[in-house]
Amino acid sequence: AQSVTQPDIHITVSEGASLELRCNYSYGATPYLFWYVQSPGQGLQLLLKYFSGDTLVQGIKGFEAEFKRSQSSFNLRKPSVHWSDAAEYFCAVRGYNKLIFGAGTRLAVHP
Amino acid sequence: SQTIHQWPATLVQPVGSPLSLECTVEGTSNPNLYWYRQAAGRGLQLLFYSVGIGQISSEVPQNLSASRPQDRQFILSSKKLLLSDSGFYLCAWFRGFDTEAFFGQGTRLTVV
């Protein structure tokens, strides 16, 4: 069965600092992987996705993620965080008919 | 373009009352439809999904049920709400194996 682990429940960074959010997945075949962001009380917005090809994918808002099959990971990165990036971030893996999410990482940004 | 509508946005219901949340998709046909619940401080839990009219797959045993009476309509129901049913409910759809999921704006349900 597919599953997603996001080891960090909360992360706090200073504005302008770099960011890496961790995601590990479990899936028997080639995974389709996603990162979504959720602002308080809102729905989910897609940041980026990996289906195949280049293992480094670029997304919106300056985010990128790297797929590493050997580590079953799909970590999200941003070189310089803005205060508006404070939100909850979800990693997800797409199986045959299901989209399974991790527990999420809540990001706080200090000025 | 495709859009997904979910209502109501907020709902306060007493314990033991029934529930009906509706989700509709426009601009596509034969979508896969999903209901997720997000409890306070928790991630997104997949509750139900449907790949076609009348077809429902349940992911976790619970006090809720789902129905798909039309191709682009997905309904989440309960006969008697429990306090533990409180949460943020999200409807989502995707079509095709290589596409992302699109989400509604969610319903905040508070059972009192």
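Residues numbered from 1 in each chain as written. Chains lettered and ligands numbered in written order. Predicted model: local features only at pLDDT ≥ 70, side-chain atom pairs only at ≥ 80, totals over all residues. Heavy atoms only, no water.

*Asks:* Any chance you could explain the overall build of chain A here in plain terms?
*Replies:* In terms of helices and strands, chain A carries zero helices and twelve strands. Listed by position from the N terminus, the elements making up chain A come as β-β-β-β-β-β-β-β-β-β-β-β. For 111 residues, the compact-globule formula gives about 13 Å, and the C-alpha radius of gyration of chain A, at 13 Å, lands near that figure. Taking the principal axes of the C-alpha coordinates as reference, chain A spans close to 40 × 30 × 20 Å. Buried positions account for 49% of the 111 residues belonging to chain A. Accessible surface computed for chain A: about 5,200 Å², of which carbon and sulfur atoms make up 50%. Each charge class in chain A can be summarised by its mean position, and for the 10 positive and 8 negative side chains these summaries are 8 Å apart. (Helix = DSSP H or I, 4+ residues; strand = E, 2+ residues; numbered from the N terminus. Rg over C-alpha atoms; globule rule 2.2 N^0.38 Å. Buried < 20%, exposed > 50% of the residue type's maximum accessible area, 1.4 Å probe, protein only. Areas by Shrake-Rupley, 256 points an atom, 1.4 Å probe, with all protein chains shown as cover. Lys, Arg positive; Asp, Glu negative; His and termini not counted. Charge placed at Lys NZ, Arg CZ, Asp CG, Glu CD.)

*Asks:* Sorry if this is basic, but what is going on with the pairing of strand 2 (residues 10-14) of chain A here?
*Replies:* A regular strand places its side chains so that they alternate between the two faces of the sheet. Residue and element names in this part refer to chain A. Burial along strand 2 is one-sided: the residues Ile 11 and Val 13 are buried and none of His 10, Thr 12 and Ser 14 is. Pairing analysis gives five bridges linking strand 2 to strand 12 (residues 105-110), with the strands arranged parallel. Bridging from a neighbouring strand, Ser 14 pairs with His 110 of strand 12. (Pairing = 2+ DSSP bridges.)

*Asks:* For this particular structure, what's the right way to read the nonpolar core?
*Replies:* The nonpolar side chains of soluble globular proteins are, as a tendency, buried together. If you look at the biggest cluster of nonpolar residues, it comprises 47 residues, and the most contacted ones within it are Trp 35, Phe 74, Tyr 89, Leu 99 and Phe 101 of chain A together with Tyr 36 and Phe 103 of chain B. Every residue in contact with Leu 99 of chain A, bar those within four places of it in the chain, is listed here: Phe 34, Tyr 36, Ala 92, Val 93 and Arg 94 of chain A together with Tyr 34, Tyr 36, Phe 94, Ala 101 and Phe 103 of chain B. (Core = buried A, V, L, I, M, F, W, Y, C linked by side-chain atoms within 4.5 Å. Contact = heavy atoms within 4.5 Å.)

*Asks:* What should I look at first to understand the interface of chain A and chain B in this one?
*Replies:* Bring the parts together and some accessible area is lost; that lost area is often taken as the interface size. If you look at the interface, chain A gives 23 residues, while chain B gives 24 residues. Counting the surface chain A buries against chain B, the share from its top three residues, Arg 94, Asn 97 and Lys 98 of chain A, is 28%. Remark: the boundary between chain A and chain B carries two salt bridges. Note that Glu 100 of chain B and Lys 49 of chain A form a salt bridge whose closest N and O atoms lie 2.7 Å from each other. Run the count over chain A and chain B and you get seven residue pairs in polar contact (both at pLDDT 80 or more). Mapped by element, the contributors of at least two residues to the side of chain A that touches chain B are strand 5 (32-38), strand 6 (44-50), strand 10 (87-94) and strand 11 (99-101) of chain A. (Buried area = accessible area lost by both parts, 1.4 Å probe. Salt bridge = Lys/Arg side-chain N within 4 Å of Asp/Glu carboxyl O. Polar contact = N/O pair within 3.5 Å; in protein donor to acceptor, adjacent residues only side chain to side chain.)

*Asks:* In this structure, what is going on with the pattern of salt bridges? I would like to understand it.
*Replies:* Between side chains of opposite charge, a pair can form as their charged atoms come close. Overall, the coordinates contain nine salt bridges over all chains when judged by the stated rule. Across the pair Glu 66 of chain A and Arg 77 of chain A runs a salt bridge, and its minimum N-O distance is 3.2 Å. Placement of Glu 66 of chain A in strand 8 (residues 64-68) and of Arg 77 of chain A in strand 9 (residues 73-78) is noted, with a sequence separation of eleven residues between them. You can call Glu 66 of chain A partly exposed: its relative accessible area is 24%. Residue classification places Arg 77 of chain A among the partly exposed residues on the basis of a relative accessible area of 23%. The partner of Lys 98 of chain A in a salt bridge is Glu 59 of chain B, with the nearest N and O atoms 3.1 Å apart.

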